[in-house]
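Topology and contacts: notes
Given next are the chains, with one letter for each unit.
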Amino acid sequence: MAEAADFQGMRTSPARRWLRRTASLITGAPLVAGLLCGPAAPSAQAAPAAHAAEETSGSRTVDVSLDTLTPEAPGKKDTITVSGTVVNKGKQTITNAHVDLRVGPQQPGRSAIDRAAERTGYLHGVDAPTIDDKFSVRLPKLATGVSHDFTLSVPADELELGDEAGAHQLGVSLTGRTADQQWDQVLGIKRTFLPWQPEEAEKKTRLTYLWPLISSTHLTSETGSDEQQTPVFEDEALAAELAPGGRLDQLVSLGQELPVTWVIDPDLLATVDAMKGGYRVKSGDSTVAGKNQALAERWLNSVEAAVQGRKVVALPFADPDLASLAHKGKSVSGSLSHLQPATEVAEVTVETILHVKPSVDFAWPVDGAIDSSIVDVATSAGAHKVIARSDSLQDNLTYTPTAARPVGGGTTAVVADARLSTAFDGDMTDAGESTLAVQQFLAQTQALTLQEPEKQRSIVVAPQRRPTIAQAQSMARALRVLESERWTEPLDLVAAAAAKPDADANTKVPGASRYPAALRKQELPVQTFEDVRTTQDTLDKFKVILTLADRVETPFGRAIDRELSTSWRGNATAAQQYRTEVQSYLQSLTEEVQLIQKSAVTLSGRSATIPVTVQNQLVQGVDDLVLRLRSNNPNRLHLDGGKGMAEQPIKVEGGHSQSVKFPAAANANGQVQMTAQLYTQDGELYGPPMDFTVKVSEITPTVMLVLAGGVLLLVLAGVRMYTQRKRAAAAGADEAGENGSEDTSEDTEGDSGGSDPGQPSDLAPDTGPESDNPSGAGEKVDR
């Protein structure tokens, strides 16, 4: 009779309704109700048991959304207000529709909350009855596809929730009729939870909530040639996150008012700080000036203000993927060597930019999934505390233990609660989804406290690394409710890690086979670490020759850190492109220091010097280079006192070239292949070799031509002198014959107009000590 009355619109108090329902279920109330109502009144309670499946299916005809529920955790004197929307997804118009509130009994534990949250349709005899009809909202006809907003308001004392704390299931249902079924039936229902805490808990759960400031990679390895080394960004995507209302802006503005522990990737701070000082952005094959310096400065100032007096945890620079390093990187030598420097840089970066001293003693694997190899890698960087998650380090207890627990080797696993950590992973842009997530999160925290009311525990929540704006807003809503500290109280992560461990908690780290397959598929491939090694080797060889090595080592060192970031998970194509660009740009810089290619060289005579030119097109000088010249046939042409090889140190200023001369001596005519090669001072090859040919000839065709030309000139000069004298003599005789007078003029030697060439000067070198010009083609070496 109680169920029949409930279905036909009769409302009673919640306690009485549940007593009646229990009695009805025991005595077979559905059959009694059917007999009493008779066949003439087709009502819901008269429907036979065979229609139960159809009734459950029918309760999904209308989509019910709960957009708001305030207050989220009401007190005795509060009025509960629920607003939302109903949409008719069926094929028939709904009449006699009304929206009702249903408040069930307390959920007996965390698992019960999980099961209740998974249910969708209405189940008669299981779902709570409606409250008094004076709180119902009547709706007009609801046509197919039509939505209608509603608002329900009920004083908390009308719900008779009692004096015991606990999370009640709260449902909002739409009841109505269709043309085919002319009786009242539940056509749609949505459930959530209503935490009820009439008095503060005696021993509150200490709750630690991590608030991550982490982004993806935006900064390239390229910098300008100016003194400030103007950074180059891939795009302006970061500016959108920093702008008012952007994701990072929202995280800071929300987090500054919440009792949270800030978990920061120092790479984000360094990137924004680089933007603040002026930057450029890639645009095709060139770059353009960035325009968001003021935006970056404003955001950094807001972060600095938000973290003052708070605990700040700094992850290793660029948030390296510890699991990928453990599972794939260990097979490539040198991969793990990047962790310790990344941790050291992290501390300096945060302290320099935010003026707070961070904790760098925490490692945070992706999703808190750990195995023994991941823990080993995490601790290799100096971290003694690993943020894990309870679905990775599972317990077989009837309650949730304290987060901190020793796992051996002086390492503490700080085990975050999986349910609470994933509570806001979904699409929180939908108001209904956000409301359900907030209420379920609150219900879980309260149920956790009620598990062991006499045992105070420390619980950690580690949400997703890069929450969206809507996710961050939903997280903030839930934390604001808990600020009243009715069943929880805040605790920072450092204190949570130092809490006394639960003796019964699991401390055995799972093996590698237990690592989730879905996460393993997203790991960085082995190729990542091979590429990193290649870039690091190139950098190591390059920096040793530079006079200002920091200008190259710092940007490329940080770029290598970014290549190992967790942000590349699930984005293998972009990760590969980034690594390729870093290596290509670094390689192009190393090629700015090179040997200028020589053409064939002619050696006239038995000894001479062979010049080789080194060009430096960098903006800084290079030093600690050695140039070696080797003769491939030292029996024909040898260097440096009879040896087949000679070397000289190299030092070239930025933007200059230097010509280095090697003394050489020939023993026989012919061609000799020569090889020039640059080395670092520790003997490592630098750049490709340069090969050229030396032609050895004691008297060259050119010399022969010069000598022949000289002889010809002497002959011509003699002929000319003889002719002139003969003509002069003939002219004098004629004049004497005519005039009969004596020629008294002196016969003088005419000036040929030439000059004594004296000793020929030495040939000029093909380049000066520092010249921008390459050696000429077919050059002749100095004698």
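The structure under discussion appears in the preceding block.
The structure reproduced in this document is the subject of the present report. (Residues numbered from 1 in each chain as written. Predicted model: local features only at pLDDT ≥ 70, side-chain atom pairs only at ≥ 80, totals over all residues. Heavy atoms only, no water.)

**A closer look at helix α12 (residues 372-380)**
Those residues of α12 that fall on the buried side of the exposure criterion are S373, I374, V375, V377 and A378. Summarising the contacts, the buried residues of α12 are in contact with α10 (322-327), α11 (339-354), β15 (362-363) and β16 (385-389). Directly beyond the C-terminal end of α12, a positive phi value near 100° is found at G382. (Buried < 20%, exposed > 50% of the residue type's maximum accessible area, 1.4 Å probe, protein only. Helix = DSSP H or I, 4+ residues; strand = E, 2+ residues; numbered from the N terminus. Contact = heavy atoms within 4.5 Å.)

**Focus on helix α9 (residues 293-307)**
Here α9 contains 15 residues, and its C-alpha end-to-end distance of 22 Å stays within 8% of the 21 Å for a straight helix at 1.5 Å per residue. Inspection of α9 places L295, A296, W299, L300, V303, A306 and V307 among the buried residues, and these make up the whole buried set. Buried residues in α9, looked at end-on, bunch into an arc of 130°, giving them a common side. More than 90 degrees from the buried face of α9, the exposed residues found are A294 and A305. At the C-terminal side of α9, G309 shows a positive phi close to 80°. (Expected span 1.5 Å × (residues − 1). Arc of directions from axis to C-beta.)

**Structural notes on the environment of S65**
Relative to the helices and strands, S65 is located in strand β1 (residues 62-70). Residues S65 and L436, 371 residues apart in the sequence, show an inter-C-alpha distance of 9.6 Å. Ignoring any residue separated from it by four or fewer positions in sequence, one finds S65 in contact with S83, G84, T85, F150 and G432. A distance of 2.9 Å separates the side chain of S65 from the side chain of D67, its partner in a polar contact. (Polar contact = N/O pair within 3.5 Å; in protein donor to acceptor, adjacent residues only side chain to side chain.)

**Structural notes on the sheet that holds strand β7 (residues 185-196)**
Working definition: the strands of a sheet are paired by backbone hydrogen bonds and lie parallel or antiparallel to each other. Reading across the sheet, the four strands line up as β4-β3-β6-β7 and stay open at both edges, with antiparallel pairing between neighbours. If you trace the sheet from one side to the other, it starts and ends with β4 (137-138) and β7, each paired once. Here eight bridges tie strand β3 (residues 95-106) to strand β6 (residues 166-177), and the two strands are oriented antiparallel to one another. Looking at the pairing, H98 lines up with T175 of β6. Each of β6 and β7 is contacted by helix α5 (residues 110-118), which is oriented at about 150° to β7, the strand it contacts most. The strands touched by helix α14 (residues 431-451) within the sheet are β6 and β7, with β7 carrying the most contacts at an inclination of about 50°. (Pairing = 2+ DSSP bridges. Axes fitted to C-alpha atoms, helices over the stretch in contact; angles between N-to-C directions.)

**Digging into empty space enclosed by the protein**
One simple way to see leftover space: roll a probe sized like a water molecule over the atoms. Applying the stated criterion across every chain yields a total of six cavities of 30 Å³ or more. Here the second largest cavity defines a volume of roughly 60 Å³. Of the residues in the lining of the second largest cavity, the class split is ten nonpolar, one polar and no charged. (1 Å grid on protein atoms, 1.4 Å probe; cavity = no way out; pocket = protein on both sides within 12 Å on 5 of 7 lines; lining within 4 Å. Points joined across faces, edges and corners; volume = space filled by probe spheres on them. Nonpolar A, V, L, I, M, F, W, Y, C, P; charged D, E, K, R; others polar.)

**Some thoughts on unusual backbone geometry**
Omega for the bond connecting T70 with P71 falls within 30 degrees of zero, at -15°, which places this linkage in the cis form. Of note, D367 is a non-glycine position whose phi angle comes to about 55°, a positive value. The class for D367 is partly exposed, based on a relative accessible area of 37%.

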